[in-house]
Amino acid sequence: MISYSLHCTEGHDFEAWFRNGDDYDAQSQRGLVTCPTCGSAKVSKALMAPAVSTGKRREKLALAAGAEQAKMIAQLQDLARKVRSSAENVGDKFAEEARKIHFGETEARGIYGEATLEEAKSLAEDGVGFLPLPALPEEQN
């Protein structure tokens, strides 16, 4: 799979995933690659930073961000700060505490913390409402 940063003639930037470069070319030639904002099929690849392996595995949040994406990232950063300042950090006990709150075994309150994928799946199966709290660039080392 390959991710391309794309740009339409109306000035919208977005990202899309393709099986490989030939798949992008074939879809683009057939008019199947369209802008999610305006629907334009006049789309081209935007300049992208290459993903260079440094030996350390790191997740990429965005390879190229336009003004609209930068604004959304700033809003997510503000939201994450608000959640953290108004909720209790329960660390790796998140799944346990969320389940207790859901079933009325402890006081209802805002919490955040960490959970494994298996714990998150189990919470969802039990009907416990939760959302992942994004780790944003300013918080990463």
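Located above this text is the structure these notes cover.
What you are looking at is a predicted structure, and each value in this text was computed from that prediction instead of being measured.

Enquirer: Which residues make up the packing of helix α3 (residues 94-102) against helix α4 (residues 117-125), and what are the values?
Expert: A pair of packed helices can be characterised by two numbers: the angle between their axes and the separation between those axes. One can describe the packing of α3 onto α4 by two numbers: an axis separation of 10 Å at closest approach and a directional angle of 10°. Overall, the two elements α3 and α4 adopt an arrangement that is roughly parallel. Here Phe94, Ala95, Ala98 and Arg99 of α3 lie close against α4, whose contacting residues are Glu119, Ser122 and Leu123.

Enquirer: A description of the sheet that holds strand β3 (residues 43-45) should follow, citing residues and the corresponding values.
Expert: Across the sheet, 3 strands lie side by side as β2-β1-β3; this open sheet has antiparallel pairing. Of all strands in the sheet, those bounded by a partner on one side alone are β2 (13-18) and β3. With strand direction ignored, the average angle separating the axes of adjacent strands in the sheet is 40°.

Enquirer: Could you give an account of the pattern of salt bridges, naming the residues involved and the relevant values?
Expert: All told, the structure shown has 7 salt bridges when counted by the stated rule. Salt-bridge contacts for arginine 19 lead to aspartate 23; the nearest nitrogen and oxygen are separated by 3.5 Å. For arginine 19, a relative accessible area of 59% corresponds to the exposed category. Two residues, aspartate 126 and arginine 99, come together in a salt bridge whose shortest N-O distance is 2.9 Å. Here aspartate 126 is found in the segment after α4, whereas its partner arginine 99 is found in helix α3, with 27 residues between them in sequence. Taking relative accessible area as the criterion, aspartate 126 reaches 35% and is therefore assigned partly exposed.

Enquirer: Tell me what's going on with the pairing of β2, and back it up with residues and numbers.
Expert: The alternating pattern of β2 places Phe14, Ala16 and Phe18 on a buried face, while none of Asp13, Glu15 and Trp17, on the opposite face, is buried. Bridge analysis of strand β1 (residues 2-8) against β2 gives 6 bridges, and the strand direction is antiparallel. Residue pairing for β2: leucine 6 is matched across the bridge by phenylalanine 14. Hairpin geometry of β1 and β2 is characterised by an intervening segment of 4 residues between the two adjacent antiparallel strands and by a positive phi of about 95° at glycine 11.

Rules used throughout
Residues numbered from 1 in each chain as written. Predicted model: local features only at pLDDT ≥ 70, side-chain atom pairs only at ≥ 80, totals over all residues. Heavy atoms only, no water. Axes fitted to C-alpha atoms, helices over the stretch in contact; angles between N-to-C directions. Helix = DSSP H or I, 4+ residues; strand = E, 2+ residues; numbered from the N terminus. Parallel < 35°, antiparallel > 145°, perpendicular 65-115°, else oblique. Contact = heavy atoms within 4.5 Å. Pairing = 2+ DSSP bridges. Salt bridge = Lys/Arg side-chain N within 4 Å of Asp/Glu carboxyl O. Buried < 20%, exposed > 50% of the residue type's maximum accessible area, 1.4 Å probe, protein only.

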